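Chain and residue survey
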Amino acid sequence: MQGKIIKNISNDYLVKSQNKLYTCKARGKFRKDKIIPLVGDNCIFDEKKKYITELLPRYNELIRPPVSNIDQAFIITSVKEPEFSPNLLDKLLCIIEYNNIKPIICFTKLDLLKEDEVENIEEIINYYKEIGYCVYKNTEIELIKKQFKEKITVFTGQSGAGKSTLLNKLNPTLKLKTNEISQALGRGKHTTRHVELLEMFDGLIADTPGFSSLSFINMKNEDIRDNFIEFNNYRHLCEYKDCMHISEQNCEIKKQVQQNNILKTRYENYIKFIKRWHMLAVSILGIKENTKENIKKLDNLNIDFFHIDIMDGKFVKNKTWEYEEIDKLIKTTKHKKDIHLMVNDIKKYVDEFSKMNPEIITFHYEAANNPLEIINYIKNKEIKVGISIKPETKIEKIEKYLDQVDLVLVMSVEPGAGGQKFMDEATSKIDKLYKKRKEKNLNYLIEVDGGINNETKLKVQNADILVVGSYITNNEYEEKINEFKM
Ligand code: DX5
Ligand code: ZN
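Rules of the game
Residues numbered from 1 in each chain as written. Chains lettered and ligands numbered in written order. Predicted model: local features only at pLDDT ≥ 70, side-chain atom pairs only at ≥ 80, totals over all residues. Heavy atoms only, no water. Helix = DSSP H or I, 4+ residues; strand = E, 2+ residues; numbered from the N terminus. Contact = heavy atoms within 4.5 Å. Near = heavy atom within 4 Å. Polar contact = N/O pair within 3.5 Å; in protein donor to acceptor, adjacent residues only side chain to side chain. Nonpolar A, V, L, I, M, F, W, Y, C, P; charged D, E, K, R; others polar. Donors = N, O, S within 2.8 Å, 3.2 Å for Na, K, Ca; no water. Tetrahedral: all angles 85-135°; square planar, octahedral: opposite > 155°, others 65-115°. Buried < 20%, exposed > 50% of the residue type's maximum accessible area, 1.4 Å probe, protein only. Pairing = 2+ DSSP bridges. Axes fitted to C-alpha atoms, helices over the stretch in contact; angles between N-to-C directions. Parallel < 35°, antiparallel > 145°, perpendicular 65-115°, else oblique. Salt bridge = Lys/Arg side-chain N within 4 Å of Asp/Glu carboxyl O. pLDDT = per-residue confidence, 0-100. Phe/Tyr/Trp six-rings, centres within 6.5 Å; stacked < 30°, edge-to-face > 60°. Lys NZ or Arg CZ within 6 Å of the ring centre and 35° of its normal. Disulfide = S-S within 2.5 Å.

Observations concerning the environment of Ile253
- Mapped onto the elements, Ile253 comes out in helix α8 (residues 252–258).
- Remark: the alpha-carbon pair of Ile253 and His236, spanning 17 residues in sequence, is separated by 9.9 Å.
- Setting aside residues no more than four positions away along its own chain, Ile253 makes contact with Phe231, Tyr234, Arg235, Cys238, His245, Ile262 and Tyr267.

Concerning the site of ligand 1
- In the vicinity of ligand 1, 20 residues are found, and the nearest of them are Asp309, Gly419, Asp449, Gly451 and Ser470.
- A distance of 3.2 Å is found between an oxygen atom of ligand 1 and a side-chain nitrogen or oxygen belonging to His340.
- Interatomic distance of 2.5 Å between a side-chain N/O atom of Ser470 and an oxygen atom of ligand 1.
- For the shell around ligand 1, the secondary structure elements donating two or more residues are β15 (305–311), β16 (336–342) and β21 (465–468).
- A per-class count over the shell around ligand 1 returns 8 nonpolar, 10 polar and 2 charged.

Points about the coordination of the zinc ion (ligand 2)
- Within the protein, the zinc ion (ligand 2) binds to His307 (NE2), Asp309 (OD), His340 (ND1) and Asp449 (OD); these donor distances fall in the range 2.0 to 2.2 Å.
- The site at the zinc ion (ligand 2) holds 6 donor atoms, and with the angles between them running 68 to 169°, its shape is octahedral.
- One chain supplies every donor for the zinc ion (ligand 2), spaced along it as H-x1-D-x30-H-x108-D.
- For His307, a relative accessible area of 0% gives the class buried.

Quick word on the sheet that holds β16
- Taken in spatial order, the 8 strands close into a barrel running β14-β15-β16-β17-β18-β19-β20-β21, and their pairing is parallel. Taken pair by pair, the neighbouring strands of this sheet meet at an average axis angle of 25°, ignoring direction.

Here we look at the packing of helix α12 (residues 346–353) against helix α13 (residues 371–379)
- Their axes nearest at 11 Å, the elements α12 and α13 cross at an angle of 10°. By the angle between their directions, the pair α12 and α13 is classed as roughly parallel. Of α13, the residues touching α12 (which contributes Ile346, Lys347, Val350 and Asp351) are Glu373, Ile374, Tyr377 and Ile378.
- Residue composition of the contact of α12 with α13, grouped by class: 5 nonpolar, no polar and 3 charged.

Describing the pattern of salt bridges
- Inspection of every chain in the model, using the stated rule, returns 25 salt bridges.
- Between Glu61 and Arg58 there is a salt bridge whose closest N-O contact spans 3.3 Å.
- For Glu61, a relative accessible area of 40% puts it in the partly exposed group.
- Where salt bridges share partners, they join Asp41, Arg58 and Glu61 into one cluster.

Looking at the confidence of the model for the protein chain
- For the protein chain, the mean per-residue pLDDT works out to 89, and 92% of the residues sit at or above 70.
- Low pLDDT, under 50, characterises residues 177–192; the predicted model gives this stretch 24 contacts beyond four residues in sequence or across chains.

Describing the environment of Met279
- As for its placement among the helices and strands, Met279 is situated in strand β14 (residues 279–283).
- Met279 sits in the partly exposed class, given a relative accessible area of 24%.
- Apart from the residues lying within four places of it in its own chain, the contact partners of Met279 are Asp304, Phe305, Leu445, Asp464, Ile465 and Leu466.

Observations concerning the packing of aromatic side chains
- Applying the stated criterion across every chain yields a total of 14 aromatic pairs.
- A centroid spacing of 5.9 Å and a plane angle of 85° characterise the contact between Tyr127 and Tyr128, whose relative ring orientation is edge-to-face.
- Judged by relative accessible area, which is 0%, Tyr128 ranks as buried.
- A ring pair is formed by Phe228 and Phe273, whose centres lie 6.1 Å apart and whose planes are at 45°; its orientation type is tilted. Note that Phe228 is positioned in the loop between α7 (221–226) and α8 and Phe273 in helix α9 (residues 264–275), a separation of 45 residues in sequence. For the pair formed by Phe228 and Phe273, the shared burial category is buried.
- Taken together, the ring pairs connect Phe228, Phe231, Tyr267, Tyr270 and Phe273 into an aromatic cluster.
- Sitting above the plane of the Phe315 ring, Lys390 keeps its charged end 4.9 Å from the centroid.
- Its end group placed over the ring of Tyr471, Lys480 keeps NZ or CZ at 4.6 Å from the ring centre.

Section: the packing of helix α10 (residues 291–299) against helix α11 (residues 323–330)
- Close contact between α10 and α11 brings their axes to 9 Å; oriented N to C, the two are set at 45°. If you check the angle between α10 and α11, you find them oblique. Between α10, through Thr291, Lys292 and Ile295, and α11, the contact on the second element is made entirely by Lys328, Leu329 and Ile330.
- Of the residues contributing to the contact of α10 with α11, the split by class is 3 nonpolar, 1 polar and 2 charged.

Some details on the state of the cysteines
- Enumeration over the complete set of coordinates arrives at 0 disulfides.
- Note on Cys24: no disulfide assigned, nearest cysteine sulfur contributed by Cys43 at a separation of 6.8 Å.
- Owing to a relative accessible area of 1%, Cys24 belongs among the buried residues under this scheme.

Observations regarding the side chain of Thr108
- Structurally, Thr108 is set in strand β9 (residues 102–108).
- Within polar-contact distance, the side chain of Thr108 engages the backbone oxygen of Ala161 at 2.6 Å.
- When neighbours within four sequence positions are excluded, Thr108 is seen to be in contact with Ile76, Thr77, Ser78, Val79, Asn138 and Ala161.

Rendered as C-alpha cells:
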C-alpha cells in the first residue's frame, strides 16, 4: 500500500493511507543503506506486517526540521513590531525557492502602521505581488484558508510576527495563546526530534518552529542569483551570459534597478547575500594524511576550488609535489583548480601544470623578471592568470598589471608553509585592491592566502576567494566549510 508518513517518534512512523492510520517500523535494510524516513515521505508499506518497505522519491527535504515533500511555506512578515525586515523576507524567499517550495507571503500587523507609513508598505506589498508571489494580508482569512487543500504547508517568519495569531484566526479550535504556537502544535510535549503533520483545511501543516533555521548553506552564489525571481526576466539582456549583476559591464539588472523596475532593497539584499561569504579555495597542503581519500571527501563538499601550492625549494625553502604526483591525486576531481606557483622558473612550471587544465595559474611578482611576459605566457594557454605578492610587497608594484590579470593573490603569511598566523597588513591591501577595481572598472578577483580561519575571515571581507588550509583540512571538513558558507 502507498501512504504518507505524518509523524515520527523514535522508531515508529505513523503512516496515513486512505484516511486510515498505521503505525509502522522502517525496514532493517534502510538502516544498513543509511536511509532515514522523514515525515512527509510518500512510502510503500506492508499493512499486515506494519513495515515501510520503500520510500518514494522526494522533491525536497529539509534537514532541520527533518521534513520532506513540502509544497508551500507561509512567510509571516510583520510590517511593525517587529519592524518590517526586507532582508529576512528576501532571504527566506530565496532559500525557499531554491528548495522547490512555493513561498506564500502573509503580511501582518498592518493596523499598527501610521498614516504616512501605509503608502510605502502598500507599494512594497504590490511589488512582491507583481513579480509573481502569492501575497496576502492576515485579514484575508477566508482566502488563506483555501490555500491548504492537499498540500503540505510550513510556517516561518520572524518571532513575534504573528504566526500563532494567524493560526488562531484560521482555526479557533486550536485555541492558541500568542507565543504558544509550538506547544499547541504538539511541540513541547515531546522531544525536539518529534515532527508531526497536522490536518487542517484538507491539507497537512508541519509542526516546525525550527523552520527559521533556514540558511544559505549549500547554495552557491549562482543559486542565490537564480532565486531572485524577477532577475530572470531581464538576465538575457545582460552582456555576459553568466553575469552575477555585480561589477560586470552592461548589466541589465543594474539598469532596471536604476529605472526603479527592480526594487532597490531587493538588489541590495542580493548583494549582501552573495557577499556574506566568499569563494573557498581549499589548500590541499593542509591535508596531513590519506591525501587521496581526503581530496575525494573534499570534492563532495561545497568548495569552489582546490588550491594547489607548488614550491620549488628555491623561491621558498620547501618543496612540494612533482607534477605527476599531483596529477594523479587530483585528476578525477570535479572542482576547479587554482594553482599557486611559488617557484623561480615560472615558465617551466606553467608548461607542466597547464596540462591538468586548471582554472587559474598564479605566479609571484617577486619571482618574475618580466611579469608582463609571464602574464601573456599563461594567457596564451587559455588559462586565467593571477599575480601574487608577498607580505612585504606593496600594491603599487603591481599596479600596472592590474588591467592584465584575472586575479590578484594577496599573501597574508610569508609564502612557503601552511599553518602560520594571519598578518594584519593584508587587510589594507585587499581594501585598496577592492577600491581600485571599482574606481577603474577592472575585473580581477581578489584572493587571500594564509592564516584564514573563522575569525580572520572577518578581516578580509573585500576578498572574493579565501584560501583555507590548516583550519579546514585538519578534520571535520563539512562543519568547517559550512562555517564559511553561513
Ligand atoms: C602558504 C600557502 C598557503 C597555505 C595556506 O605558502 O600558499 O596556501 O597552504 O594554509 P593555511 O590556511 O594553513 O595558512
Ligand atoms: Zn597558496
